[in-house]
Amino acid sequence: MKPQVYFNLDLTLTRMETDFQHLVVLTLKRMDTPKDNIEPDLYQELFFERFNHLQENPRQKAFREYFAAKEIDRDPRQAAEIYCELELQATEAQTGLQDLLRKISQSTPVGIITAGTVGLQRAKIEKLGIGDVLEQILITYGQQMSKAEILQSIGDKRRESPIYISGSESDIEKASEAGWKTLQKTASQVTPSEVKAAL
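This write-up is about the structure you can find in this document.

Taken in spatial order, the five strands line up as 5-4-1-6-7 in an open sheet, and their pairing is parallel. In this open sheet, the two strands that pair with only one neighbour each are strand 5 (134-139) and strand 7 (181-183). Direction aside, neighbouring strands of the sheet carry axes that sit 25° apart on average. Strand direction decides the pairing type here: strand 6 (residues 163-165) and strand 7, joined by three bridges, are parallel. Note on strand 7: the bridge partner recorded for Tyr 164 is Thr 182. The strands touched by helix 6 (residues 118-128) are strand 4 (110-114) and strand 5; relative to strand 5, the strand with the most contacts, the crossing angle is about 150°. Against the sheet, helix 8 (residues 147-157) touches strand 1 (5-7), strand 4, strand 5 and strand 6, its axis set at about 145° to strand 4.

Next up, the structure:
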């Protein structure tokens, strides 16, 4: 049975002990990058140029170009591995997450639609301990589709509009444009009764 309720993953079901930009700084420090060559904004720009176009190994490619731009000899593969390790370590569950999903899933199948690489996103889901209550997990890199394209694809196939729950305003706009019902909230802000009423 296909889910009628989908959640975003990052910063909706999860919270971060350290923000994404600082994770880049920590990674570059772990790579013994000279202080004057630590520029997280540059890395983020290089990363999203690749990530948003679903290029293979976007972190490794971004670090390779970053180190080339800074004219320093560092291993981009190692940097990408360190970054993913740090992001996974920083990922924590929103308050009451497991209880929320279990209550919703008792009456309505639950899924996740998330932007990300498959290995890291699935590792986060495993860390959160919620895999057993999810009917479907759709990851942009696994589907080779953007989040907007996934939302549109599902919206086009459903007679009844599904609901997408995300703390991101951008996500809510994309889901609304694709004909979804939406709730702009994180897992710690939404209740099972609110989800039921929205359906």
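Further remarks concern the side chain of Gln 121. Along the polypeptide, Gln 121 turns up in helix 6. Overall, Gln 121 belongs to the buried group, its relative accessible area being 1%. A polar contact is formed between the side chain of Gln 121 and the side chain of Asp 10, at a distance of 3.1 Å. Beyond its immediate chain neighbours, meaning those up to four positions away, Gln 121 contacts Leu 9, Asp 10, Thr 114, Ala 115, Gly 116 and Ile 139.

The full count for this structure, using the stated rule, is 10 aromatic pairs. Seen from their ring centres, Phe 48 and Phe 51 are 6.0 Å apart, and the 85° between their planes marks the pair as edge-to-face. Within this pair, Phe 48 and its partner Phe 51 are both found in helix 2 (residues 40-51), separated by three residues, close to a single helical turn. Overall, Phe 48 belongs to the partly exposed group, its relative accessible area being 37%.

Bringing the environment of Met 31 into the picture now. Take Met 31: it is sitting in the loop between helix 1 (20-30) and helix 2. With relative accessibility at 6%, the residue Met 31 sits in the buried group. As for Met 31 and Arg 159, which are separated by 128 residues in sequence, their C-alpha atoms are 51 Å apart. For Met 31, the residues in contact, after removing those within four places along its chain, are Phe 67, Arg 74, Asp 75, Gln 78, Ala 79 and Ile 82.

Right, let's talk about the layout of surface pockets for a bit. Here the largest pocket defines a volume of roughly 650 Å³. Around the largest pocket sit 31 residues that line it, and Asp 10, Phe 48, Phe 51, Ala 115 and Gly 116 are the ones nearest its centre. Listing elements by their share of the lining of the largest pocket, those giving two or more residues are helix 2, helix 4 (76-90), helix 6, helix 7 (140-143), helix 8 and helix 9 (169-177). Looking at the lining of the largest pocket, the element that brings in the most residues is helix 2, giving five residues.

With five of five residues buried, strand 4 is to be regarded as a mostly interior element. Because side chains alternate across strand 4, one face comprises the buried residues Val 110, Ile 112 and Thr 114, and the other comprises Gly 111 and Ile 113, equally buried. Here three bridges tie strand 1 to strand 4, and the two strands are oriented parallel to one another. Note on strand 4: the bridge partner recorded for Tyr 6 is Gly 111. The pairing of strand 4 with strand 5 spans five bridges and is parallel. In the strand pairing of strand 5, Thr 114 is matched with Ile 139.

The rules behind each value
Residues numbered from 1 in each chain as written. Predicted model: local features only at pLDDT ≥ 70, side-chain atom pairs only at ≥ 80, totals over all residues. Heavy atoms only, no water. Pairing = 2+ DSSP bridges. Helix = DSSP H or I, 4+ residues; strand = E, 2+ residues; numbered from the N terminus. Axes fitted to C-alpha atoms, helices over the stretch in contact; angles between N-to-C directions. Contact = heavy atoms within 4.5 Å. Buried < 20%, exposed > 50% of the residue type's maximum accessible area, 1.4 Å probe, protein only. Polar contact = N/O pair within 3.5 Å; in protein donor to acceptor, adjacent residues only side chain to side chain. Phe/Tyr/Trp six-rings, centres within 6.5 Å; stacked < 30°, edge-to-face > 60°. 1 Å grid on protein atoms, 1.4 Å probe; cavity = no way out; pocket = protein on both sides within 12 Å on 5 of 7 lines; lining within 4 Å. Points joined across faces, edges and corners; volume = space filled by probe spheres on them.

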